[in-house]
Amino acid sequence: MSEKLNTTPKADHFKMPGEHEPHEAIWLAWPERSDTWHLQAKPAQQSFAEVATAISEATPVYVAVSKCQLTNAKQMLPSNVNIVEMETNDAWMRDIGPSYVVDEKGNRRAVDWQFNAWGGELDGLYSPWDDDDKVASKVARFYGDDYYRAPFILEGGSIHVDGEGTAYTTEECLLHPSRNPNLSKQDIEDYLKAYLSVEKVIWLPFGLYNDKDTNGHVDNLIHVPRPGEVVLSWTEDTSDPQYHISLKALEVLESEKDAKGRTLTVHKLPLPSPLYITEDEAKTFEQSDGMDRSTGERLAGSYANFLITNNRIIFPLLDETTDKQAKQALQKIFPDYELVGIQARNILLGGGNIHCITQQIPSKKNK
């Protein structure tokens, strides 16, 4: 039986492991909204199925699927992917799923963040979001894992950890008035330390350029391949507004030390060429007040939005002129990992990418 706990992970000596540590499973949620996903989500469903297939060759996969989509999902997903009937409001499992914490004995618990669709009444993407807000606790109960209900709003894509006491986030997102307007920066940092059990929070000023759906999630700008190292989205084009965002992030990363006192090694990962919603694509979205899917809107495309799971990297293919360069850069960062690229424009059109649609469940043997 799963129990809701009234303490904190830090008080109980649990901490969030790094993404590079062993996984028992990866969870996704099945897309179906026609305002988030164009053409009634059919292209996105195909891309999600390809991501699930690639992950399942290294790690067991579970997909939360609404009752009305069960037949469709069963037809599109391979037989080795586990389908779990679960209602959601959308399909961003990184943000609605649980962030897991473990202790030195190998025990595992979940953290259930409060969720308000990236902004609630101020600038949230949709309403209602109550089904999304229940997903993390449902996943915890699926495993019989105890869980903490955090007392503040946070999405899983707004944080990265190294598993050794350091967390990374952006001021643009966590200090945005649509999340926790009554909390100061220090209040939020204290909560991060309590619920991730970290000793240091490194604050980057901004997320990726025009990543306005999430108010600048950190996982679209950087990734953490292992302790003491950061992968940073980078462009050499000084006329691109992303250049100055990445430069400011680099300045912070080069001036900070992590929780263990290490100077950070920063790997520059090239960005795709600027990508935009085409007129034909814009016509195929259902109009929505919360989301801008208009012709010419710049997409927040980034190769840093990849998943690490059990010695395999699942990364997005976004631009045939830069995909090879990105893969070569990732292979240097992960020399002992198998890299699998997935055509991901149809995920990007929804407002995120492979890291955003996945959430890892760490192994209980993780020590």
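The preceding data block contains the structure.
Just so you know, these numbers come straight off a predicted model, no measurement behind them. (Residues numbered from 1 in each chain as written. Predicted model: local features only at pLDDT ≥ 70, side-chain atom pairs only at ≥ 80, totals over all residues. Heavy atoms only, no water.)

**Describing the overall build of the protein**
A tally of regular secondary structure across the protein gives 11 helices and 17 strands. Seen through its C-alpha atoms, the protein measures out along the principal axes to roughly 55 × 50 × 45 Å. When the 367 residues of the protein are sorted by exposure, 63% land in the buried category. In the structure as shown, the protein presents an accessible area of about 14400 Å², 46% of it carried by carbon and sulfur atoms. Seen as two clouds, the 37 positive and the 56 negative side-chain charges of the protein have centres 5 Å apart. (Helix = DSSP H or I, 4+ residues; strand = E, 2+ residues; numbered from the N terminus. Buried < 20%, exposed > 50% of the residue type's maximum accessible area, 1.4 Å probe, protein only. Areas by Shrake-Rupley, 256 points an atom, 1.4 Å probe, with all protein chains shown as cover. Lys, Arg positive; Asp, Glu negative; His and termini not counted. Charge placed at Lys NZ, Arg CZ, Asp CG, Glu CD.)

**What to know about the sheet that holds strand 8 (residues 160-161)**
Two orientations exist for strands paired in a sheet by backbone hydrogen bonds: parallel and antiparallel. Here three strands make up an open sheet; going across it, the order is 8-9-10 and the pairing mixed. The strands lining the two open edges of the sheet, one partner per strand, are strand 8 and strand 10 (200-204). Here strand 9 (residues 166-170) runs beside strand 10; their pairing, made up of five bridges, is parallel. Across the sheet, threonine 170 pairs through a bridge with leucine 204, a residue of strand 10. Here helix 7 (residues 185-196) sits on the sheet in contact with strand 8, strand 9 and strand 10, set at roughly 130° to strand 10. Packed on one face of the sheet, helix 8 (residues 241-255) meets strand 9 and strand 10 and runs near 155° to strand 10. (Pairing = 2+ DSSP bridges. Contact = heavy atoms within 4.5 Å. Axes fitted to C-alpha atoms, helices over the stretch in contact; angles between N-to-C directions.)

**Structural notes on the side chain of arginine 312**
For arginine 312, the location among the structural elements is in strand 15 (residues 312-317). You can call arginine 312 buried: its relative accessible area is 6%. Separated by 2.7 Å, the side chains of arginine 312 and glutamate 338 make a polar contact. Once residues lying within four places of it in the same chain are set aside, the contact partners of arginine 312 are Ala54, Glu57, Ala58, Leu307, Tyr337, Glu338 and Val340. (Polar contact = N/O pair within 3.5 Å; in protein donor to acceptor, adjacent residues only side chain to side chain.)

**A word on the sheet that holds strand 15**
With mixed pairing, three strands are arranged side by side in an open sheet as 14-15-16. Two strands in the sheet have a free side with no partner beyond their single neighbour: strand 14 (307-309) and strand 16 (338-343). Taken pair by pair, the neighbouring strands of this sheet meet at an average axis angle of 25°, ignoring direction. Sheet analysis places strand 14 next to strand 15, joined by three bridges and oriented antiparallel. Residue pairing for strand 15: threonine 309 is matched across the bridge by arginine 312.

**Concerning the side chain of aspartate 133**
Summarising the element assignment, aspartate 133 is placed in helix 5 (residues 130-143). Aspartate 133 gets classed as buried once you look at its relative accessible area, which sits at 18%. Sequence-distant contacts of aspartate 133, that is, excluding residues within four places in its chain, are made with Asp112, Trp113, Gln114, Phe115 and Arg149.

**Here's the deal with the pairing of strand 17 (residues 359-362)**
Side-chain alternation along strand 17 places Gln359 and Ile361 on one buried face and Gln360 and Pro362 on a second face that is also buried. Of the strand pairs in this sheet, strand 2 (residues 23-29) and strand 17 are connected by four bridges, and their pairing is antiparallel. Residue tryptophan 27 lies in a different strand from strand 17, and its bridge partner there is glutamine 359.

**Focus: the nonpolar core**
Judged by nonpolar contacts, the single largest core of 78 residues is most densely connected at Trp27 and Leu28. No other element matches the seven residues that helix 1 (residues 42-56) contributes to this core. If near-sequence neighbours (up to four positions away) are discounted, leucine 28 is found in contact with Phe48, Val51, Ile55, Val61, Tyr62, Val63, Ala64, Met93, Ile357 and Thr358. (Core = buried A, V, L, I, M, F, W, Y, C linked by side-chain atoms within 4.5 Å.)

**Notes on the environment of threonine 71**
Its place among the elements puts threonine 71 in helix 2 (residues 70-76). Taking relative accessible area as the criterion, threonine 71 reaches 56% and is therefore assigned exposed. Placed 293 residues apart in sequence, threonine 71 and lysine 364 show a C-alpha to C-alpha distance of 32 Å.

**A closer look at the pattern of salt bridges**
Evaluation of the coordinates by the stated rule reveals 22 salt bridges. One salt bridge in this structure joins glutamate 24 and arginine 108, with 2.7 Å as the shortest N-O distance. Linking glutamate 24 in strand 2 with arginine 108 in strand 6 (residues 108-114), this pair joins segments that are 84 residues apart in sequence. A relative accessible area of 32% means that glutamate 24 is categorised as partly exposed. (Salt bridge = Lys/Arg side-chain N within 4 Å of Asp/Glu carboxyl O.)

**Overview of the packing of aromatic side chains**
Inspection of every chain in the model, using the stated rule, returns 17 aromatic pairs. Seen in terms of ring centroids, phenylalanine 306 and phenylalanine 334 are 5.7 Å apart; in terms of plane orientation they differ by 85°. Their pairing is edge-to-face. Here phenylalanine 306, found in the loop between helix 9 (279-282) and strand 14, pairs with phenylalanine 334, found in the loop between helix 10 (323-333) and strand 16; they are 28 residues apart in sequence, far enough to count as distant. One exposure class covers both phenylalanine 306 and phenylalanine 334, and it is buried. Taken together, the aromatic side chains of Trp27, Tyr62, Phe142 and Tyr143 make up a single cluster linked through ring pairs. (Phe/Tyr/Trp six-rings, centres within 6.5 Å; stacked < 30°, edge-to-face > 60°.)

**Examining helix 10**
Along helix 10, the residues classified as buried are Asp323, Ala326, Ala329, Leu330 and Ile333. For helix 10, the angular spread of buried residues about the axis comes to 130°, placing them on one side. In helix 10, those exposed residues whose orientation departs by more than 90 degrees from the buried face are Lys324 and Lys332. (Arc of directions from axis to C-beta.)

Don't take any of this as a statement about function, it's just geometry.
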